[in-house]
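Structure assessment
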Amino acid sequence: QTLNPSTTMATKPRFEQVRRHYIHVTDDDAESESIELVQGRRLHRTLGSSSTITRWVIISFSMIGIVFILGLKEDKSEVLDVKGAKQNKYIKHMNYGTSDIQYVGSKKFTMERVQNTRQAALNLITMMQEYYGGKEQSEKMMLQSWLQPWDFDNATDMTGMVDKMVDTMARALVTDDQKEFIIGTIGSSVASGRDNCNYDSYELQMERTFGPVWEAAGMKLTCQNAGDGGACGDDFSNQVFCIKQNVSPDIDIAHYTWTYYEAGGPASAKALVMRESLARWAQMLPHQPPVHVYNTGKMNQHQGDEHQLAEHMSEFGYNAFYMTSGFYNGGFDYDAAKEDGVDHFGWGHVGDGYHNVTRYGEKESSPERKESLGTVMRNWHPGPLAFQFVSDTFSYIYSQAILRALDLIESDLKNGIDPAEKWAASKRKIHIKSSLPPPIFCDPLYCVVDEAPGCLNFEKPTYGWWGARVEDPDDSLNPHKGEVQNWEVWHVDEPIWRGVPKQDQIFFEDRDDKEICRHLNVCGGISATSKDSGSVVFRLPKQEVGLVVICGAGNEVGTEMILNNTNIEISYNGEVLDRNTWDIWPRGKCVRLMKQFDANVAKATTGHNYLKIEALENLSSPVRISHVITL
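Numbering of residues begins from 1 in every chain and follows the order in which that chain's sequence is written. Local features in this predicted model are restricted to residues of pLDDT 70 or higher, and side-chain atom pairs are both shown and tallied only at a pLDDT of 80 or more, whereas totals for entire chains, interfaces and linings draw on every residue. Values shown for side chains rest on all heavy atoms present in the structure; no hydrogens or waters enter the calculation.

On to a negative patch on the surface, then. Grouping into patches uses exposed residues only, defined as over 30% relative accessible area, and leaves out salt-bridged ones; the cut-off is 9 Å for like charges and 5 Å for nonpolar side chains (Val, Leu, Ile, Met, Phe, Trp, Tyr). To be clear on the numbers: accessible area is Shrake-Rupley with a 1.4 Å probe, and residue cover counts the displayed protein chains and nothing else. When a carboxyl oxygen of Asp or Glu lies within 4 Å of a side-chain nitrogen of Lys or Arg, that pair is called a salt bridge. Charge counting treats Lys and Arg as positive and Asp and Glu as negative, with His and both chain ends excluded. For the purpose of locating charges, the reference atoms are NZ of Lys, CZ of Arg, CG of Asp and CD of Glu. A surface patch of negative charge is lined by Asp333, Asp335, Glu339 and Asp340. Helix and strand definitions follow DSSP, with helices as H or I runs of at least four residues and strands as E runs of at least two, each counted in order from the N terminus. Relative to the assigned elements, Asp335 resides in helix α13 (residues 334-339). Among the residues examined, Asp335 registers a relative accessible area of 43% and is labelled partly exposed. Burial classes follow relative accessibility: with a 1.4 Å probe on protein chains only, a residue under 20% of its type's maximum area counts as buried, one over 50% as exposed, and anything between as partly exposed.

Take a look at the structure:
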């Protein structure tokens, strides 16, 4: 777990305040217990006298009692409410509050769990097929609206893409110490759900829609939303480097939603570089997650390079979904409607041509809230009804992959094979840079690597592990021990209703659960205001390439705050870096201090590489660092 920085500073030395916010807490006492799966064994024993039978009855009841007690001890998969009472395993909360249902204990896969999970997935698929006008229309909308259409029934050129998804699901289902399936989203204000109540974002809708399938498997679905509201000055080019911190390094699927920032020739070319880099780095993470791109627009004839990338990385599950294409694929004639004066994708329009409100809004009694829940596009940001379609599309495809995974698991069980012997995460083949095909867009210096980049991101939220860390000024290995190190963590204090439409504010403002509307993204950094701030020293992680990038907190601030700011001095392993070798990269807020290792780079003297930023005598404007990126 990563504890995010707080804006409240304690009275202890500033380092202690910073360090505590970026320390990882692990439960060393946590244990994962499992029971051996035994298949095809029968007890062949001839019972003799009545006393022997009596003894066997007593023994049998004793064994049942022991198993029951052990089951309680090992926390078998019971569904408990906050008071400890049993609940329906497949309960689905449709109210506005968060669920208080807890799923605990071992989840060793059995035939019963196969059947329960399959039924939950089938229920979801059937519901969606009915909701979207039948199987054929549903699959045109949800499977055919991708750069590479999904086909789970027939062998195609994209069979490797399907196989990757099935493999992802199977390993998550049978790995006994995996209790959570994580979908991590990095992206823009579309990902964050801006101009909506956060409860209506596609990620939280997906948790509620797709979550019961994982509950049936004895697991929990978590959708981590690291969407950026836009005020911090970031885009895809610097945030993809933070895939291990912005979301958990243990994600099972990665979502990328930065497509509004990719418009235009240079941006489009850079986007392909960064998308391919992300897809390759993702395969170096523990669960080797596929990367799925969410685009709000419509496919057109200008996406040849995107198709090339999708084909090139298909065996690793890479693909891109186009929301507006999905709506069109359902058969509704949006163009004719627009000619008649009804623009279903116009700002604030209610109804998508198929439905006029989200499913969870059908019984809503408030006219204002119900209208809000029927909005397709707030402006350039989708509304709840469009987000429902996005959530449904991902949930439908992932449920199809789960069904195929369950077929494989069931086959193993029927043949007396422990599916964990084949599908557990520990059996996943490790990828190294030579495991992947040569890149076609990204820079081999940075994308052909054995580890994903490291990133220390002071913005919120983050769910994963930092790369660099703020070093303890008194640490014996700190080469700058004894120097003043008083930089302070800083965050914007955002109100609860930032980015929430007025009709939803009115609906929720007097409710106890209004916090579900709050958006999570907050700008931040670590800051120096004068020479009295001294230095900040970062202990860097293991570096494969030698890349070091720092980003300023704000939009396009890299040149003034860092590159041309002679009131700060930056050193690497004690040697001052020549600012003439720096450049603005990969985004206007960021400066690349080191492109790669070379013969002139100062060597570490204490076992780690250290980066020091020092505020000098004439510093008068704050210097705020939001990111430290390394590779």
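All right, on to the sheet that holds strand β14 (residues 568-572) then. Two strands are counted as paired when DSSP detects at least two bridges linking them. An order of β9-β12-β18-β14-β15 is seen for the 5 strands of this open sheet, with the pairing classed as antiparallel. Edge strands, defined here as strands with exactly one partner in the open sheet, are β9 (469-470) and β15 (575-576). Of the pairings in the sheet, the one linking β9 to strand β12 (residues 535-539) comprises 2 bridges and is antiparallel in character. Paired with Val470 across the strands is Phe538, a residue of β12.

Before going further, it helps to spend a moment on the sheet that holds strand β4 (residues 220-227). One open sheet accounts for 5 strands, arranged β4-β3-β5-β6-β7; its pairing is parallel. Of all strands in the sheet, those with a lone pairing partner are β4 and β7 (319-322), marking the two edges. Strand-to-strand, the axes of this sheet are offset by a mean angle of 20°, without reference to chain direction. Alignment of strand β3 (residues 180-187) against strand β5 (residues 253-257), held across 5 bridges, turns out to be parallel. Within β5, the residue paired with Gly184 across the bridge is Ala254. Lines fitted to the C-alpha atoms define the axes, with helices restricted to the stretch that makes contact. Angles between their N-to-C directions range from 0 to 180 degrees.

Defined by distance alone, a disulfide is two cysteine sulfur atoms within 2.5 Å. Evaluation of the coordinates by the stated rule reveals 5 disulfides. Disulfide partner of Cys551: Cys590, at an S-S distance of 2.1 Å. Torsion about the S-S bond of the Cys551 and Cys590 cystine: about 100°, corresponding to right-handed handedness. One end of the pair, Cys551, is in strand β13 (residues 548-552); the other, Cys590, is in strand β17 (residues 590-594), with 39 residues separating them in the sequence. On the basis of relative accessibility, which here comes to 0%, the residue Cys551 falls in the buried class. Each bonded cysteine in the protein chain gets a number by its place in the sequence, and the pairs come out as 1-7, 2-8, 3-6, 4-5, 9-10.

Time to look at the packing of aromatic side chains. To describe a pair of aromatic rings, one takes the distance between the centres and the angle between the planes. Centres within 6.5 Å make a pair out of two Phe, Tyr or Trp rings, where for Trp the six-membered ring is used; the pair is then stacked when the planes are under 30 degrees apart, edge-to-face when over 60, and tilted otherwise. Taken as a whole, this structure holds 31 aromatic pairs when the rule is applied. Taken together, a centroid distance of 4.6 Å and an interplanar angle of 35° make the contact between Phe327 and Phe389 tilted. In this pair, Phe327 is assigned in helix α12 (residues 323-329) and Phe389 in helix α15 (residues 384-414), connecting sequence segments 62 residues apart. Each member of the pair Phe327 and Phe389 is classed as buried. Placement of a charge over a ring requires the Lys NZ or Arg CZ to be within 6 Å of the ring centre, with the centre-to-atom vector within 35 degrees of the ring normal. For the cation-ring pair, Arg208 lies above Tyr360, with the distance from its terminal atom to the ring centre recorded as 4.9 Å.

Keep in mind these values describe shape, not function.
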